[in-house]
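# Structural overview for review
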Amino acid sequence: MTRYIISNPEASRGEPTRLNGTVKVQGAKNAALPLIAAAVLTDKEAVLTNCPDITDVENMLKIYSSLGGVTERRGDTVRLRLEYMRSHEIPSGLAGELRSSVFMLGSVLARSGKAKVAYPGGCDIGLRPIDIHLKALSEMGVKVSDRYGYLLCDAADAHGAEVTLDYPSVGATENVMLLAAGIPGKTVIHNAAREPEIEDLGNFLTAMGAEVLGAGTQVITICGTKERGGVEYRVMPDRIAAGTYLIAAAANGGSVTLKDVRPEHIFSLIGKLRFAGAEIDLYSDSVTISASGRPKAVGVVETGAYPGFPTDLQAPFSVLAAVSEGSTVIVENIFETRFKHVAELTKMGASVKVKGRVAVFEGVKRLTAAKVQAMDLRGGAALITAGLKANGTTVVENGYHIERGYVRPEEVFGSLGAYIIKV
Ligand code: UD1
């Protein structure tokens, strides 16, 4: 059972551990996962560079292998080849580990004409239904039936179509793109999600030979091809990991430079951090943050679809809210139950009231170390950040949640001067 232990030798003087140094940001989890699904579309080699070594990616690669694929990782480069489909089934054990297994639906259907997928797992942060995915795939001619917890899909009559999503779901947009790229005909997705990871998927599919226009906007047009070629592609930088480290620097003080970041992907966060008092310099592919003194409360933060404030940064940001001078209201608009980390922060002395999707923080000067549980991926990262600010030694249990999405956070924070170990 992995746990992170964070201590703070400056605490006796009432100071948090200041963070200082330079970090290269990892490749994006939420881009790498759909790109592995997209690699199913070709029988040629797909090479992903800057592919983060995290357990979600490892599990997605296991699913790829279970379909008949061969994978090889060397550092951050992963080579994938699926010459012959051995199976069209996503094993239930693996699907239970990983919600993104549902993205395999679109590409497995395109490649083999049918798919059997267990209902997906992933973070327990709300209902996370897949009705929007299924409705869109049905509009493209896929027949879906539901047996004993499995979805059975048949794409014998699949065709390009005009699809309008009821909500700009990231996963549903990606699933439709994957199916559309692998079947002949033209598909237009209206009300598509605009997250940068969608643009990354569009670029990857284009590099494989599909025609994709408008990825990253509300209307995406995809013209599929009968065969897709091989591809070598660099996974985009992880905006959520970058945001997590910026928030930690703003909460603790210090001066941190992040390399391999696209500042335009995190503007909604940068605005809030500047309001809180941090100085931030933006360059084309790096960001420097300097902070000192107690952060100022930013008022209201509401999560929203991109380019709004990312729900994935809500938990890390709540640590800043917990220690800022004044009150902060955080409204979670995307997922129903994404405040589980708040109870753990309360054990560390945070003053928070939660009602439904709203959390109200009265900032405290200092947090106190405690034994806390990571309840999900981003909430777990938030607890590490809180530990850096706390008096004494904090233990974050259930570290496996954090390993799903962050590449060796103990090394990243350690290189910035934090006292943190993983055991
Ligand atoms: C993706 C990200 C996740 C991020 C989320 C929102 C990946 C691997 N994960 O998740 O980190 O937090 O986007 O930015 O990229 N919904 C439905 N029916 C559906 C699909 C979604 O009701 O068929 C609801 C969800 O329950 C949720 C909201 O729509 O409340 C957003 O979900 P969606 O955009 O699909 O998120 P994911 O793709 O699961």
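As the structure is a prediction and not an experimental result, all values here were calculated from the model.

What the four strands build is an open sheet, ordered E6-E7-E9-E8; its pairing is mixed. Taken across any chain shown, the strands that pair with only one partner, and hence form the sheet edges, are strand E6 (89-90) and strand E8 (143-147). Pairing of strand E7 (residues 114-118) with strand E9 (residues 150-154) involves five bridges; the strand directions are antiparallel. Across the sheet, residue Lys114 finds its bridge partner in E9, namely Asp154.

Another point: the environment of Arg228. Tracing the backbone shows Arg228 in the loop between strand E13 (220-223) and strand E14 (231-234). A polar contact of 2.9 Å, which involves the side chain of Arg228, links it to the backbone oxygen of Leu41.

Turning our eyes to something else, we now look at the site of the ligand. In the neighbourhood of the ligand, 19 residues make up the surrounding shell, with Asp131, Ile132, Ser169, Asp312 and Ile334 lying closest. Within the backbone of Ile132, one N or O atom sits 2.7 Å away from an oxygen atom of the ligand. Interatomic distance of 2.8 Å between a backbone N/O atom of Val170 and an oxygen atom of the ligand. Across the complex, the protein chains shield 88% of the 730 Å² of accessible surface that the ligand would expose by itself. Ranked by residue count, the leading element in the shell around the ligand is helix H5 (residues 131-139), at three residues. In terms of residue class, the shell around the ligand is made up of eight nonpolar, six polar and five charged. Built from parts of two domains, the shell around the ligand gets at least three residues from each of domain 1 (4-26 + 237-422) and domain 2 (29-234).

Attention shifts here to the sheet that holds strand E10 (residues 162-164). Taking strand neighbours across the sheet as the criterion, the four strands line up as E10-E11-E13-E12 in an open arrangement whose pairing is mixed. Looking at the sheet topology across the chains shown, the edges are occupied by E10 and strand E12 (211-213). Between one strand and the next, the sheet's axes are offset by a mean angle of 15 degrees, whatever the strand orientation. As paired elements, E12 and E13 share three bridges and run antiparallel to each other. Paired with Val212 across the two strands is Ile222, which belongs to E13.

The residue Glu403 is located in helix H13 (residues 400-403) in this model. Take Glu403: its relative accessible area is 17%, and that puts it in the buried class. Among the polar contacts listed, one links the side chain of Glu403 to the side chain of Lys422, at a separation of 2.7 Å. Contacts of Glu403, omitting those with residues within four sequence positions, involve Thr2, Tyr4, Ile54, Thr55 and Lys422.

Among the six residues of strand E17 (residues 286-291), five are classified as buried, and the element is accordingly described as predominantly covered. Bridge analysis of strand E15 (residues 254-259) against E17 gives six bridges, and the strand direction is antiparallel. Following the sheet pairing, Val256 is matched in E17 by Ile289. As defined by bridge partners, strand E16 (residues 279-282) adjoins E17 across four bridges and the pair is classed as antiparallel. Bridge pairing in E17 links Ile280 to Ile289. Following E16, the chain reverses through three residues before pairing antiparallel with E17.

Let us look at the packing of aromatic side chains. Enumeration over the complete set of coordinates arrives at four aromatic pairs. Here the aromatic rings of Tyr245 and Tyr406 are separated by 6.5 Å at their centres, their planes lie at 75 degrees, and the arrangement is edge-to-face. With Tyr245 in helix H8 (residues 239-252) and Tyr406 in the loop between H13 and helix H14 (409-415), the pair connects residues that are 161 residues apart, well separated along the chain. Here the two residues Tyr245 and Tyr406 agree in accessibility, since each one is buried. Residues Phe309 and Phe317 carry aromatic rings whose centres are separated by 5.4 Å and whose planes lie at 75 degrees to one another, so their mutual orientation is edge-to-face. You'll find Phe309 and Phe317 in the same group, each marked buried. Positioned above the aromatic ring of Tyr150, the side-chain terminus of Lys116 is 4.5 Å from the ring centre. Across the ring face of Phe275, the terminal group of Lys296 is positioned such that the distance to the ring centre comes to 4.6 Å.

Attention now moves to the pattern of salt bridges. In this structure the tally under the stated criterion is 19 salt bridges. Taking the shortest distance from any N to any O, the salt bridge between Asp43 and Lys44 comes out at 3.1 Å. Residue Lys44 is classed as partly exposed on the basis of its relative accessible area of 35%. The partner of Asp157 in a salt bridge is Lys143, with the nearest N and O atoms 3.0 Å apart. Here Asp157, found in the loop between E9 and E10, pairs with Lys143, found in strand E8; they are 14 residues apart in sequence, far enough to count as distant. Look at Asp157 and you get partly exposed, because its relative accessible area is 49%. Each of Arg3, Lys371 and Glu397 takes part in a single network of salt bridges with overlapping partners.

Cut-offs and rules
- Residues numbered from 1 in each chain as written.
- Predicted model: local features only at pLDDT ≥ 70, side-chain atom pairs only at ≥ 80, totals over all residues.
- Heavy atoms only, no water.
- Pairing = 2+ DSSP bridges.
- Helix = DSSP H or I, 4+ residues; strand = E, 2+ residues; numbered from the N terminus.
- Polar contact = N/O pair within 3.5 Å; in protein donor to acceptor, adjacent residues only side chain to side chain.
- Near = heavy atom within 4 Å.
- Areas by Shrake-Rupley, 256 points an atom, 1.4 Å probe, with all protein chains shown as cover.
- Nonpolar A, V, L, I, M, F, W, Y, C, P; charged D, E, K, R; others polar.
- Domains from an automatic or database assignment.
- Axes fitted to C-alpha atoms, helices over the stretch in contact; angles between N-to-C directions.
- Buried < 20%, exposed > 50% of the residue type's maximum accessible area, 1.4 Å probe, protein only.
- Contact = heavy atoms within 4.5 Å.
- Phe/Tyr/Trp six-rings, centres within 6.5 Å; stacked < 30°, edge-to-face > 60°.
- Lys NZ or Arg CZ within 6 Å of the ring centre and 35° of its normal.
- Salt bridge = Lys/Arg side-chain N within 4 Å of Asp/Glu carboxyl O.

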